[in-house]
Every structure is written in structure tokens, then in C-alpha cells.
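One-letter residues, chain by chain:
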Amino acid sequence: MVDPADDGEALERGTRRPNPIDVHVGNRVRLQRMLIGISQEKLGERLGLTFQQVQKYEKGINRIGASRLFELSRVLGVPVQFFYEDAPVASSQPSSAPGFAERSSDSHVFEFLSSREGLELNRAFSRITDPKVRKSVLDLVRSLADEAAGGGYQAPTD
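A brief report on the enclosed structure follows. (Residues numbered from 1 in each chain as written. Predicted model: local features only at pLDDT ≥ 70, side-chain atom pairs only at ≥ 80, totals over all residues. Heavy atoms only, no water.)

In this section: the overall build of the protein chain. Along its length, the protein chain carries seven helices and two strands. Tracing the protein chain from N to C terminus, the helices and strands come up as β-β-α-α-α-α-α-α-α. Taking the intrachain contacts of the protein chain between residues at least 6 apart in sequence as the baseline, contacts between residues at least 24 apart amount to 52%. (Helix = DSSP H or I, 4+ residues; strand = E, 2+ residues; numbered from the N terminus. Contact = heavy atoms within 4.5 Å.)

Because each turn of an α-helix spans 3.6 residues, side chains separated by three or four positions end up pointing in the same direction. For helix H2 (residues 40-47), the full list of buried residues reads Gln40, Leu43, Gly44 and Leu47. Looking straight down H2, one finds that the buried residues subtend no more than 100° of arc, so they occupy a single side. Elements that come into contact with the buried residues of H2 comprise helix H1 (20-36), helix H3 (51-59) and helix H4 (66-76). After H2 finishes, the residue Gly48 shows a positive phi value of roughly 75°. (Buried < 20%, exposed > 50% of the residue type's maximum accessible area, 1.4 Å probe, protein only. Arc of directions from axis to C-beta.)

For the rest of this paragraph, the subject is unusual backbone geometry. It is generally the case that most residues other than glycine have a negative phi and that most peptide bonds are trans. Positive phi values are uncommon outside glycine, yet Asp86 reaches one of about 60°. With a relative accessible area of 72%, Asp86 lands in the exposed category.

What follows concerns the packing of aromatic side chains. Counted by the stated rule, this structure contains one aromatic pair. Taking the ring centre of Phe82 as reference, the NZ or CZ of Arg28 above it sits at 4.0 Å. (Phe/Tyr/Trp six-rings, centres within 6.5 Å; stacked < 30°, edge-to-face > 60°. Lys NZ or Arg CZ within 6 Å of the ring centre and 35° of its normal.)

Our focus in this paragraph is the packing of H2 against H4. Taken N-terminus to C-terminus, the directions of H2 and H4 make an angle of 120°; their axes are 10 Å apart at the nearest point. Relative to H4, H2 is oriented oblique. In terms of crossing hand, the pair formed by H2 and H4 is right-handed. On H4, the residues that touch Leu43, Arg46 and Leu47 of H2 are Arg68, Glu71, Leu72, Val75 and Leu76. Residues belonging to the contact of H2 with H4 are distributed by class as follows: five nonpolar, no polar and three charged. (Axes fitted to C-alpha atoms, helices over the stretch in contact; angles between N-to-C directions. Parallel < 35°, antiparallel > 145°, perpendicular 65-115°, else oblique. Left-handed = near helix turned anticlockwise from the far one by under 90°. Nonpolar A, V, L, I, M, F, W, Y, C, P; charged D, E, K, R; others polar.)

Moving on to the nonpolar core. In terms of nonpolar packing, the biggest core is built from 19 residues, with Val29, Leu43, Ile64, Leu72, Leu76 and Phe83 touching the most fellow members. Elements with a contribution of two residues or more to this core: H1, H2, H3 and H4. Discounting chain neighbours no more than four positions away, the residues touching Leu72 are Val29, Leu43, Leu47, Ile64 and Phe83. (Core = buried A, V, L, I, M, F, W, Y, C linked by side-chain atoms within 4.5 Å.)

Attention shifts here to a nonpolar patch on the surface. A cluster of nonpolar side chains, Val109, Phe112, Leu113 and Leu121, forms an exposed patch at the surface whose accessible area comes to about 320 Å². By residue number, the principal contributor to the nonpolar patch is helix H5 (residues 107-114), which donates three residues. Its location among the elements puts Phe112 in helix H5. (Patch = residues over 30% accessible without salt bridge, like charges linked within 9 Å, V, L, I, M, F, W, Y side chains within 5 Å. Areas by Shrake-Rupley, 256 points an atom, 1.4 Å probe, with all protein chains shown as cover. Salt bridge = Lys/Arg side-chain N within 4 Å of Asp/Glu carboxyl O.)

Applying the stated criterion across every chain, the model contains six salt bridges. Across the pair Arg74 and Glu71 runs a salt bridge, and its minimum N-O distance is 2.4 Å. With a gap of three residues between them, Arg74 and Glu71 both fall in helix H4, about one helical turn apart.

As C-alpha cells, this is what we get:
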């Protein structure tokens with residue numbers, strides 16, 4: 001028998017997984033918040049919310065209404081469209097759309113760049129102006145990643 005409450009979304013222990021669009025919009029909120037350097041608490045204060053509500057928005061657990069999204073765009077200094085850039089697009093075959101059944105191959109990169117470490121690494125790396133130093137840093141990171149993964153990476157020759 002088909003469960004009428006199940007509209008095609010997978011159930012996990014009686015709760016639905018967040019909608020991929022809500023997760024994407026939340027990730028974009030988090031990215032912009034971190035880029036401008038404000039905490040969840042400060043963003044919440046500017047919006048009249050608790051930091052816990054901001055956390056739920058950023059994780060996609062709670063959907064962001066249109067008026068709240070408009071206010072977020074104003075506070076974060078971006079157009080509303082920013083939150084939907086690179087969003088997963090539904091197709092006639094939902095399982096082939098990135099962000100639904102399968103994750104896009106670039107999603108782990110976006111997640112890393114949205115993390116505190118990713119942002120800090122990116123900011124610090126972009127301040128290095130000497131191309132030789134930048135290449136040395138890249139080679140060092142590749143070498144460390146290679147060691148952590150058990151070997152196998154060969155740096156490209158220029």
C-alpha cells in the first residue's frame with residue numbers, strides 16, 4: 001500500500017529530508033554571511049531572529065519565506081537571485097538532477113569553499129602575489145593530500 005504522506009521524498013525516521021533547494025539557499029546564506037564576516041548571532045539580531053533560527057535556515061531545515069529572503073538579501077548585500085545561483089534544477093528525471101538523488105561532482109568543492117576553513121584558505125591564498133610561492137603552496141597541499149590518501153598523486157609538470 002502506498003503511504004499518502006510520502007510524496008516521493010525519502011523518509012528518515014519519520015522526518016523528511018530538507019528540500020535540495022532549501023539546502024542550496026541556506027548554503028548561499030551561510031556563504032555570504034561568512035564572506036562578510038558576521039556571526040549567526042549578529043545576522044539573527046539584524047533580522048530579529050535567534051542564532052538557532054539562522055542555523056536552521058542555513059541547513060535548509062526551515063524554509064525561508066519570500067519576505068525573509070528579501071530581508072536577508074538586504075542585510076547580506078546581495079540580490080535575491082544570488083541565493084538561487086547554481087541551484088539544482090528539476091528535470092523530467094529527478095534522479096538525474098544534481099542535488100536530488102545524486103550529488104553533483106562539484107558539490108563537495110562548494111561545501112568546502114562554504115566552510116570556515118575553505119574561506120580562510122581562499123582568502124589567505126589570494127593574498128599571495130608571487131606565482132612561485134603560490135605554486136609551492138599548491139604543491140605542498142597536494143603532497144599533504146597525497147600522503148593522507150595513501151599516495152598516488154603526481155603533480156603536473158609545467
